[in-house]
Amino acid sequence: MAERLFFLLMCATVSHAVSAAEITRENAATELDIYYLSGDITDGDGKRFRALLDRTRVPGRPGLLILDSNGGSVMEAYELAQMIISGHLGTFVPGKAACYSACFVLLAAGQPRGALATSKIGVHRIAIHDAENTSSKGFSVDMNEVYRALDVPPKIRLAMLETPSRDMYLLTPSDIREFSSIPDNVLDELAEVRIPEQKVSARTFDSLGALLTSYGELIKSADDGRVVSEIAETYIPEALKLVGPELSDGRKEYLLTGIREFTAQANLVKGILASAAVSDTYSDNKTSRELLESLFLEILTLNPRDGTLLRHLADTGFQFDRDRDIQNLAFADRYNELRELCRAGFCSEEQVKEQERAWIRRSEAFNKIMEGRSDREFFNRFMINNQISFINTLKFTVASRIRDRTYITKFDFSSYTALMNSIIDVYNRMARSELTRRDIDQYNAVMGAYILPYIENALTDEGNDYSEITDLSLTGGAYDLAYREFYVSSNRLFFGESYPREATEYVKLEGKIIRAANLMMLLLKKDVAYTRYPPAFHKCADSVCRKEDDRRIFEGLMSYYQSLDSLCQKGKCHRKQFQRQKNSYTLYSKIYDSFISRHSYVHREHLTASYLSWQLGRMQRDHDQYSK
């Protein structure tokens, strides 16, 4: 029966399309019922599919559901899976099509079920409102039992339980072979099957306000692939139509140049992903979406008179009032972390550098064309913020391919306490000069591109505000980069341009470990092992630091700052870079302290003292070196 069912697919002409937005049907005589599901799985899809089955399903006739979806609502997917089982439908993912997250529930429910080696199938833990918590982890355990009942192989079930909701475990060709129940000879026959392309809406808009309202609805509800096609084929042409008549020849030329630069940048990004062995549609759509959204919003900023975009950003809560220097440092730090991944052997560094140069060309052209506008500074910061977001996505996409590499497995993720111990171990080995240059390159890449984002996601999953975590992350990166610039510039006063690169990489790793350790302290606030850590950072009178310890460390830190400032005035170190580093530290310190205060963390004094003690150690070391 299975071979007969799938062989008939090759000559079938009936198709029933199912999507998050619409359900259509074509009628023809055939011995097989074929259904398509593409796009995000959203509320109401179960009812629509049930209605479609009631109208079209012929009792006793073989049926097949062909899938291409990035996932969506787990509850809706579970309802659809029950219909697949009760309707005796097979399931199949064509080559180069995707079936991620909740879509996998549907695929697993099919009997028979299958996919090709080129199909993109991914699983991860369940999230509730884009965050993991106790309830969502319980649902993931329940889903594991569902998959067990559907005879999903243990390796795939374990990967689902171990992969955070913001990441994706992509099934290997061997995983797919073990999971599939379709015979190989039938899979060969299915190789040419394709999901019908979703139609892009042919909407038009009579004002920027209407366009932005529609755009806001799109990015909230649609999957990345849908957003990419809609922006490229509907929103950018409509934005050009609405903005174009208001533009001078110079601004029109910028638009044409900007679109050409965007195309070049998009090709470079594809090259970076290819160099990192990332070739799945899911990753390609995510990075393309970030780039297209940036270009679309740039087009709207060129409108010389209409304040619609500014009002739209205010309505959506967009704020970016950080110090401009901090923002530029954060931007450079994100690119540094991406280059570190390449230097460690995970991607092409030259392509990353070229991608950065392409964006700088766009930024310079934008600033030139916006000269004289009062909102120029705001939009310049807005563009940089968009690019930071894009680089974060690109960096994490590349980093997702290194999870099974040696330097990832050296960190223990079994608990927050275990991960903290791993981080401290790296720091101690570094302090004892036990790390080679290759070690430092690898640890820099892993810490910046995987460990720190992992901790930031964990903080968000614990119920902390995402924007606050982002503030901590960006200002922390800016502070680290400012410190490195001061350290390198000051040492070049002694060593000249021959100052060894290894020492710089050492300081980079130390900065990442300090940031990671301080963020880990926030996660360990409820852990009984919490009080084990103070001796690893500094000496306190008790196992938990008190206010007097906090005050003592802070007074020592300020004393060293003043002494270093005096040394820099005397030409012993780079004074300008020192001031930049101090300003960055001050802002990071304020955000860190405010975060602790707002969330009523227990042992607040200990957390602050732990944080300050790292900086005290740095200042003391630098003071001793530069005072010689």
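Please read these numbers as outputs of a predicted model, since none were measured by experiment.

### What to know about the pattern of salt bridges
If you walk through the whole model with that rule in mind, you get 28 salt bridges. For R48, the salt bridge is made with D45, and the minimal N-O distance between the two is 2.4 Å. Of this pair, R48 and D45 both sit in helix α2 (residues 45-56), separated by three residues, roughly a single helical turn. Using a relative accessible area of 3% as the deciding quantity, one classes D45 as buried. We note a salt bridge from E468 to R598, for which the minimum N-O separation is 2.4 Å. Of the two residues, E468 is situated in helix α20 (residues 466-495) and R598 in helix α24 (residues 575-598); the sequence distance between them amounts to 130 residues. A relative accessible area of 49% means that R598 is categorised as partly exposed. Several salt bridges converge on common partners, so that one network encompasses E340, R343, E349, K353, E505, K508 and K512.

### A word on the packing of helix α14 (residues 324-343) against helix α21 (residues 501-523)
Two elements in contact, α14 and α21, have axes separated by 13 Å at closest approach and are oriented at 115°. Of the two possible hands of crossing, α14 and α21 adopt the one that is left-handed. Every residue of α21 that contacts α14 at D333, E337, E340 and R343 is listed here: R501, E505, K508, K512 and R515. Split by residue class, the contact of α14 with α21 holds no nonpolar, no polar and nine charged.

### Quick notes on helix α18 (residues 416-431)
With 16 residues, α18 extends 23 Å from end C-alpha to end C-alpha; this agrees with the ideal 22 Å at 1.5 Å per step. Those residues of α18 that fall on the buried side of the exposure criterion are T417, A418, L419, M420, S422, I423, I424, V426, R429 and M430. Positive phi shows up at S433, right after α18, with a value of about 60°.

### Things to note about the state of the cysteines
Simply put, the disulfide is a covalent bond whose two ends are the sulfur atoms of two cysteines. In total, this model carries three disulfides according to the counting rule given. For C99, the disulfide goes to C103, at an S-S distance of 2.2 Å. When the S-S torsion is -105°, as for the bridge of C99 with C103, the disulfide is left-handed. An identical accessibility class is assigned to C99 and C103; each is buried.

### So, the packing of aromatic side chains
Between two aromatic rings, the relevant description is the distance of the centres plus the angle of the planes. Across all of its chains, the model carries 19 aromatic pairs by this definition. Consider the rings of F104 and Y147, whose centres lie 5.2 Å apart with planes at 85°: the pair is edge-to-face. On the criterion of sequence distance, the pair formed by F104 in helix α4 (residues 103-109) and Y147 in helix α5 (residues 134-149) is long-range, its members being 43 residues apart. The same class applies to F104 as to Y147, namely buried. Residues Y588 and Y611 carry aromatic rings whose centres are separated by 5.7 Å and whose planes lie at 85° to one another, so their mutual orientation is edge-to-face. On the criterion of sequence distance, the pair formed by Y588 in helix α24 and Y611 in helix α25 (residues 604-626) is long-range, its members being 23 residues apart. We classify Y588 as buried; its relative accessible area is 1%.

### Points about the nonpolar core
Residues L341, F411, I423, I455, L509 and L522 are the most contacted members of the largest nonpolar core, which totals 100 residues. Counting residues per element, this core draws most heavily on helix α19 (residues 437-461), at twelve residues. With 40 residues, the next largest nonpolar core counts F49, A108, M143 and A159 among its residues.

### Here's the deal with the pairing of strand β4 (residues 63-68)
Of all the six residues making up β4, five are buried; the element is thus mostly covered by neighbouring parts of the structure. As paired strands, strand β3 (residues 33-38) and β4 are joined by six bridges and run parallel to one another. The residue of β4 that forms the bridge with D33 is G63. In this view, the connection linking β3 to its parallel neighbour β4 by way of α2 has right-handed handedness. Across four bridges, the pairing between β4 and strand β5 (residues 89-93) is parallel. Note on β5: the bridge partner recorded for L65 is T91.

### Some details on the packing of α20 against α25
In contact at an axis separation of 12 Å, α20 and α25 are set at 10° when each is read in the N-to-C sense. Compared by their axis directions, α20 and α25 come out roughly parallel. In the crossing of α20 with α25, the sense of the turn from one axis to the other is left-handed. For the pair formed by α20 and α25, the contact residues are Y479, D480, Y483, F486, Y487, S490, N491 and F494 on the first element and Q615, R618, M619, R621, D622, Q625 and Y626 on the second.

### Re unusual backbone geometry
Residue Q111 is joined to P112 through a cis peptide bond whose omega torsion reads 0°. The residue S433 is not glycine, and still its phi comes out positive at about 60°. With respect to the element layout, S433 can be found in the loop between α18 and α19. With relative accessibility at 65%, the residue S433 sits in the exposed group.

### Considerations on the sheet that holds strand β9 (residues 169-170)
A sheet is described by the order of its strands in space; here three strands give the open sequence β6-β8-β9, paired in mixed fashion. Looking at strand neighbours, the two that pair on one side only are β6 (98-100) and β9, the edges of this open sheet. Here β6 pairs with strand β8 (residues 120-123) via three bridges, running parallel. Paired with A98 across the strands is K120, a residue of β8.

### Quick word on helix α16 (residues 376-399)
With 24 residues, α16 extends 34 Å from end C-alpha to end C-alpha; this agrees with the ideal 34 Å at 1.5 Å per step. In terms of burial, α16 is largely enclosed, as 19 of its 24 residues are buried.

### Focus: the pairing of β3
Counting buried positions along β3 yields six of six residues, so the element is predominantly enclosed. With burial as the criterion, each face of β3 is covered, one bearing D33, Y35 and L37 and the other bearing I34, Y36 and S38.

### So, the environment of S165
For S165, the position within the fold is in the loop between α6 (154-162) and β9. Taking relative accessible area as the criterion, S165 reaches 13% and is therefore assigned buried. Measuring from C-alpha to C-alpha, the distance between S165 and D461 comes to 9.7 Å, with 296 residues separating the pair along the chain.

Cut-offs used in this document
Residues numbered from 1 in each chain as written. Predicted model: local features only at pLDDT ≥ 70, side-chain atom pairs only at ≥ 80, totals over all residues. Heavy atoms only, no water. Salt bridge = Lys/Arg side-chain N within 4 Å of Asp/Glu carboxyl O. Helix = DSSP H or I, 4+ residues; strand = E, 2+ residues; numbered from the N terminus. Buried < 20%, exposed > 50% of the residue type's maximum accessible area, 1.4 Å probe, protein only. Axes fitted to C-alpha atoms, helices over the stretch in contact; angles between N-to-C directions. Left-handed = near helix turned anticlockwise from the far one by under 90°. Contact = heavy atoms within 4.5 Å. Nonpolar A, V, L, I, M, F, W, Y, C, P; charged D, E, K, R; others polar. Expected span 1.5 Å × (residues − 1). Disulfide = S-S within 2.5 Å. Phe/Tyr/Trp six-rings, centres within 6.5 Å; stacked < 30°, edge-to-face > 60°. Core = buried A, V, L, I, M, F, W, Y, C linked by side-chain atoms within 4.5 Å. Pairing = 2+ DSSP bridges. Right-handed = clockwise from strand over helix to strand, strands pointing away. Parallel < 35°, antiparallel > 145°, perpendicular 65-115°, else oblique.

By themselves, these figures tell us nothing about what the structure is for.
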